[in-house]
Amino acid sequence: MESFKRHRRLRQNAALRHLVRETTLSINDFIQPIFVKEGITDNQPISSMPGVYQLAYAHVLDEVKNIVHLGIKAIIVFGIPKDKDEVGTQASSQEGIVQRTIRHIKAHFPELIVIADTCLCEFTNHGHCGVLDGHHVCNDASLERLVDVAISQARAGADIIAPSNAMDGYVYAIRQGLNKAGFEYVPIMSYAVKFASSFYGPFRDAGESAPAFGDRKTYQMDPANRLEALREIESDVQEGADFVMVKPALAFLDIIREVKNTCLLPLVAYNVSGEYAMVKAAAQNGWIDEKSVVQELLMSMKRAGADLIITYFAKDMAKYLTEEGEK
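Residues numbered from 1 in each chain as written. Predicted model: local features only at pLDDT ≥ 70, side-chain atom pairs only at ≥ 80, totals over all residues. Heavy atoms only, no water.

Here's the deal with the overall build of the protein chain
(1) Moving on: Helix and strand counts for the protein chain come out as 11 helices and 12 strands.
(2) Moving on: Burial status across the protein chain gives 54% buried among its 327 residues.
(3) Moving on: For the protein chain, the accessible surface area stands at approximately 15100 Å², while carbon and sulfur atoms represent 50% of it.
(4) Moving on: If the 35 positive side-chain charges of the protein chain are averaged to one point and the 42 negative ones to another, these points end up 8 Å apart. (Helix = DSSP H or I, 4+ residues; strand = E, 2+ residues; numbered from the N terminus. Buried < 20%, exposed > 50% of the residue type's maximum accessible area, 1.4 Å probe, protein only. Areas by Shrake-Rupley, 256 points an atom, 1.4 Å probe, with all protein chains shown as cover. Lys, Arg positive; Asp, Glu negative; His and termini not counted. Charge placed at Lys NZ, Arg CZ, Asp CG, Glu CD.)

Set out below in structure tokens:
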């Protein structure tokens, strides 16, 4: 009898490797983000995110048609308004850019799952995710605004509300608000574990949402903390979340696995803008094979425990999987 294991027996050819593969990627795993900007007539490229655009309202359906054609089942909508103010008034307006976009998309693609990002940072003139008292972000006053935003998005036809604001108690407040407004069957996708990360830089270009002063470390999580992440998950589950999320994904695969081991709700990983931009930059310089690296990165998130992945690579992955016959 041999004194060692021949693990290579199961790696001899592609068919055998596929037969024993433990983790697979599917088009159904991916959610495509889109950015819609009010007051522009042509799509505007985002320099720090090659291949991603701020969409003009007039061209939204063209982009969504392409997404649907690729077999992607869900999108998440971010809006950039023309007018901003202290409390993000346009975030809850029925004529706001997000609400108009949701109605427009659902009228033409009713089967597509449209997720609404529920936050104030793109809509305030100070770029913070809540209502201010001086330079302090007021938690409870912000909750009142966020409930209004969520209800307005549900009225516009959003299938899922995704609050990303990182205020304490936002899941409970929004759940109660939706229920009272008659939207008890609209799920909440909670950004339960949202770290104060340096990987968000390109998104703030895309969403025009960088803080005018300070940072978001008083409401987003310290990246050093593991147990705090589990406490955040526990709170949001108790408050009524239907999905939980870990954001960013790549630097926090350990957290994704811990959450998966302790939480029974569907788990979403957000493959954020900085992660996307690093891959694009390296690929454009010829340092890596983009397709292989993208697949490996997204596979790591799925293997760590993510059920769904929000990613700017969703369209690319849909093409890769279709080419490989894995749709």
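Next comes the rest of the account.
Topic: the pairing of strand β10 (residues 243-247)
(1) Moving on: Burial analysis of β10 places five of its five residues in the buried class, the great majority of the element.
(2) Moving on: As paired strands, strand β9 (residues 189-194) and β10 are joined by four bridges and run parallel to one another. Paired with Ser-190 across the strands is Val-244, a residue of β10.
(3) Moving on: The sheet contact formed by β10 and strand β11 (residues 267-271) spans three bridges and is parallel. From the neighbouring strand, Val-246 faces β11, where its bridge partner is Ala-269.
(4) Moving on: Crossover connection from β10 via helix α8 (residues 253-262) to parallel β11: handedness right-handed. (Pairing = 2+ DSSP bridges. Right-handed = clockwise from strand over helix to strand, strands pointing away.)

Remarks on the pattern of salt bridges
(1) Moving on: According to the stated counting rule, one finds 13 salt bridges in the structure shown.
(2) Moving on: The salt bridge involving Arg-175 is made with Asp-242; its shortest N-O contact spans 3.7 Å. With a gap of 67 residues between them, Arg-175 in helix α5 (residues 170-180) and Asp-242 in the loop between α7 (227-239) and β10 connect regions that are remote in the sequence.
(3) Moving on: A salt bridge links Lys-280 to Glu-290; the nearest nitrogen and oxygen atoms lie 2.8 Å apart. In this pair, Lys-280 sits in helix α9 (residues 273-284) while Glu-290 sits in helix α10 (residues 290-304), placing the two residues 10 residues apart along the sequence. Exposure class is identical for Lys-280 and Glu-290. Each is buried.
(4) Moving on: A single network of salt bridges, built from pairs that share partners, joins Lys-280, Glu-290 and Asp-316. (Salt bridge = Lys/Arg side-chain N within 4 Å of Asp/Glu carboxyl O.)

Points about the packing of aromatic side chains
(1) Moving on: Evaluated as defined, the whole model comprises seven aromatic pairs.
(2) Moving on: Consider the rings of Phe-35 and Phe-78, whose centres lie 5.4 Å apart with planes at 25°: the pair is stacked. With a gap of 43 residues between them, Phe-35 in strand β1 (residues 30-37) and Phe-78 in strand β4 (residues 74-80) connect regions that are remote in the sequence.
(3) Moving on: What makes Phe-35 buried here is its relative accessible area of 0%.
(4) Moving on: Classification of Phe-78 as buried rests on a relative accessible area of 2%.
(5) Moving on: Geometrically, the ring pair formed by Phe-195 and Phe-252 is stacked, given 4.0 Å between the ring centres and 5° between the ring planes. Of the two residues, Phe-195 is situated in the loop between β9 and α6 (201-207) and Phe-252 in the loop between β10 and α8; the sequence distance between them amounts to 57 residues.
(6) Moving on: You can call Phe-195 buried: its relative accessible area is 0%.
(7) Moving on: A residue is classified by how much of its surface remains accessible, and Phe-252, at 7% relative accessible area, is buried.
(8) Moving on: Directly above the ring of Tyr-57 sits Arg-100, whose terminal nitrogen or CZ lies 4.7 Å from the centroid. (Phe/Tyr/Trp six-rings, centres within 6.5 Å; stacked < 30°, edge-to-face > 60°. Lys NZ or Arg CZ within 6 Å of the ring centre and 35° of its normal.)

Overview of the state of the cysteines
(1) Moving on: One pass over the structure, following the stated rule, counts zero disulfides.
(2) Moving on: Cys-121 takes part in no disulfide bond, and the closest cysteine sulfur, belonging to Cys-119, lies 3.9 Å away.
(3) Moving on: Given a relative accessible area of 6%, Cys-121 falls into the buried group. (Disulfide = S-S within 2.5 Å.)

Description of the nonpolar core
(1) Moving on: Ranked by size, the top nonpolar core spans 109 residues in total, and within it Phe-35, Ile-75, Leu-178, Met-189, Val-193, Tyr-270 and Leu-298 carry the most contacts.
(2) Moving on: Examining the composition of this core, we find that eight residues originate from one element, helix α4 (residues 139-156), more than from any other. (Core = buried A, V, L, I, M, F, W, Y, C linked by side-chain atoms within 4.5 Å.)

What to know about the environment of Gln-176
(1) Moving on: With respect to the element layout, Gln-176 can be found in helix α5.
(2) Moving on: For Gln-176, a relative accessible area of 30% corresponds to the partly exposed category.
(3) Moving on: When the C-alpha positions of Gln-176 and Ile-40 are compared, they lie 36 Å apart, and in sequence the two are 136 residues distant.

Brief notes about α4
(1) Moving on: For α4, spanning 18 residues, the distance from its first C-alpha to its last is 26 Å, which sits close to the expected 26 Å at 1.5 Å a residue.
(2) Moving on: All of the buried residues in α4 are Ser-142, Leu-143, Arg-145, Leu-146, Val-147, Val-149, Ala-150, Ile-151, Ser-152, Gln-153, Ala-154 and Ala-156.
(3) Moving on: As for α4, its buried residues are in contact with α3 (97-108), β5 (113-118), β6 (131-133), β7 (136-138), β8 (160-163) and α5.
(4) Moving on: One or two residues past the end of α4 sits Gly-157, with phi positive at roughly 115°. (Expected span 1.5 Å × (residues − 1). Contact = heavy atoms within 4.5 Å.)

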